[in-house]
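Understanding the architecture of this molecule
Letter by letter, the chains look like this.
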Amino acid sequence: DHTKLALPVGTTLDRFIMRKQEDFPYATGELSQLLRDIALAAKIVNREINRSGLIDIAGAYGSQNVQGEDQQKLDVIANIRFIRALRNGGEVCTIISEEDEEMIQTGNNQGKYVVAIDPLDGSSNIDVNVSIGTIFSIYRRVSPTGAEGTEQDCLQTGTHQVAAGYVIYGSSTMLVYTTGNGVNGFTYEHSLGEFFLSHPNISTPKTGAIYSINEGSSEYFSEGMAAYVAYCKQQSFSARYIGSLVADFHRNLLKGGIYMYPATRKAPNGKLRLMYECNALAFIVEQAGGKSSNGRTRTLEIEPKSLHERSPLFIGSSELVEKAEEFLAAEH
Ligand code: AHM
Ligand code: MG
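The rules behind the values
Residues numbered from 1 in each chain as written. Chains lettered and ligands numbered in written order. Predicted model: local features only at pLDDT ≥ 70, side-chain atom pairs only at ≥ 80, totals over all residues. Helix = DSSP H or I, 4+ residues; strand = E, 2+ residues; numbered from the N terminus. Contact = placed C-beta atoms within 7 Å. UniProt positions renumbered as here; feature names shortened; annotations may be inferred. Buried ≥ 20, exposed ≤ 12 C-beta atoms within 10 Å, placed from the backbone. Pairing = 2+ DSSP bridges. Core = buried A, V, L, I, M, F, W, Y, C linked by C-beta atoms within 7 Å. Axes fitted to C-alpha atoms, helices over the stretch in contact; angles between N-to-C directions. Parallel < 35°, antiparallel > 145°, perpendicular 65-115°, else oblique. Left-handed = near helix turned anticlockwise from the far one by under 90°. Nonpolar A, V, L, I, M, F, W, Y, C, P; charged D, E, K, R; others polar.

Some remarks on the overall build of the protein
A tally of helices and strands in the protein yields nine helices and 13 strands. In terms of overall dimensions, the protein has a C-alpha envelope of 55 × 55 × 40 Å along the principal axes. A fraction of 63% describes how many contacts in the protein between residues 6 or more apart in sequence connect residues 24 or more apart.

Structural data, given as structure tokens:
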């Protein structure tokens, strides 16, 4: 069956999504459309980010847009762009966003899907020209169509994700996603306005020699956490921490390593958000052969209690995550 053949490097994202859909004879194409909507919004946000250095002088060279959106912060703009794309696309009934306290009803009550999104993560890095990202999770709603999505639709465990991905706006812009059938990465070609398959079937190394953690908080680490970081140093691992989750995760996914945002005495649940950050990356890392946990429990099995709840995160190469869990389990 030709549709099941691996697609070659250089395949456009649109074609890739289309051909993958043919692998599921009963698929209606709605999830495919939804992924295309996200890709479109990503291109728009990418354009805004590339222009961001010019925003302060935009008035001076006369490029302010009619909506006056140049005046808004980029994370707010990204939130607007993604919500607009998902609303216009029609497949999504409800969106939850790191930027919005409450659920966002799109008005598409026939939409079968719910999206959780961090529209622009690491936004404190924008001003200093460091890579930033978008993170998204897609769930099928559990409530019947025809009415607004419910909190129950939004608070599903990570194992229920039907797709997840991220966009990294870096030295090149990439979109990496999974629908539960492996992980594929696409690189954006600016002049053509297309994402092309550049990283087919990503698998993450079983082990690695990079550890990524904000050691500035080590004063507040638990005993086990401190011991694991000491272990990483004994192994002469490289310390790499951009402070931009998507960029730190992406590097470790390709090279092998572990990213950690632990519970500390100051922040007992860490900092990162389960629904907008942890679950999507956990789905991706597992699909690539790696692991993700909160130090004890597999991230994807954590029962969410509220939209914005936080979770500690240990994610990356399976051997490194297991080792970190051993150190945490040994503390008393
Ligand atoms: P944000 O959602 O406010 O942008 O914060 C999330 C970011 C992550 O990208 C990054 O990994 C983390 O915060 C860094 O936090 P810290 O500065 O505490 O190390
Ligand atoms: Mg964030």
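Some words on the UniProt feature "domain: Fructose-1-6-bisphosphatase class 1 C-terminal" (unreviewed entry) in the protein
Feature annotation in UniProt assigns "domain: Fructose-1-6-bisphosphatase class 1 C-terminal" (unreviewed entry) to the following positions: residues 205-328. Along residues 205-328 the backbone is 39% helical and 13% strand, and the end-to-end C-alpha distance reaches 23 Å.

Describing the pairing of strand S4 (residues 132-140)
Among the nine residues of S4, eight are classified as buried, and the element is accordingly described as predominantly covered. Where strand S3 (residues 113-121) lies against S4, seven bridges are found, and the strand directions are antiparallel. Across the sheet, Ile117 pairs through a bridge with Phe136, a residue of S4. Relative to strand S5 (residues 161-169), S4 runs antiparallel, the two sharing eight bridges. Bridged to Ser137 within S5 is Ala164.

Quick notes on the environment of Ile96
Of note, Ile96 is situated in strand S1 (residues 92-97). Sequence separation between Ile96 and Gly193 is 97 residues; the distance between their C-alpha atoms is 28 Å. If sequence neighbours within four positions are ignored, Ile96 has contacts with Met103, Ala116, Cys154, Met275 and Leu307.

Focus on the nonpolar core
Among the nonpolar cores identified, the biggest contains 88 residues, and Val115, Phe136, Leu175, Leu281, Ile284 and Ile315 are the most heavily contacted of them. At ten residues, the largest contribution of residues to this core is made by helix H8 (residues 274-287). Contact partners of Phe136, with chain neighbours within four places excluded, come to Ile38, Val115, Ala116, Ile117, Ala164, Gly165 and Ala280.

Side note on the UniProt feature "binding site: substrate" (unreviewed entry) in the protein
Summarizing the sequence annotation, UniProt attributes the feature "binding site: substrate" (unreviewed entry) to Asp121, Gly122, Ser123, Ser124, Asn214, Tyr241 and Lys271 in the numbering used throughout. Mapping Ser124 onto the fold places it in the loop between S3 and S4. The exposure class of Ser124 is exposed, given the 12 C-beta atoms found within 10 Å. Within the secondary structure layout, Asn214 lies in the loop between strand S9 (210-212) and helix H6 (223-234). On the neighbour-count criterion, Asn214 (13 C-beta atoms within 10 Å) is partly exposed.

Topic: the sheet that holds strand S10 (residues 238-239)
Taken together, the five strands give an open sheet; going across it, the order is S10-S9-S11-S13-S12, and neighbouring strands pair in mixed fashion. Both edges of this open sheet fall to S10 and strand S12 (291-293), since each of them pairs with a single strand only. Across two bridges, the pairing between S9 and strand S11 (residues 258-261) is parallel. Bridge pairing in S11 places Tyr211 opposite Ile258.

Side note on unusual backbone geometry
Positive phi values are uncommon outside glycine, yet Asn129 reaches one of about 65°. With respect to the helices and strands, the residue Asn129 is situated in the loop between S3 and S4. On the basis of neighbour count, Asn129 is assigned to the exposed category, with 9 C-beta atoms found within 10 Å. In this model, Asn201 sits at a positive phi of 45°, which is unusual for a non-glycine residue. Positionally, Asn201 belongs in the loop between strand S8 (194-199) and S9. Among the residues examined, Asn201 registers 14 C-beta atoms within 10 Å and is labelled partly exposed.

Quick look at the packing of H6 against helix H9 (residues 318-330)
Where H6 contacts H9, the axes come no closer than 8 Å and their chain directions differ by 140°. When the axis of H6 is compared with that of H9, the two are oblique. Pair H6 / H9 crosses with right-handed handedness. Between H6 and H9, the residues in contact are Gly224, Met225, Ala227, Tyr228 and Tyr231 and Ala324, Phe327, Leu328 and Ala330, respectively. In terms of residue class, the contact of H6 with H9 is built from eight nonpolar, one polar and no charged.

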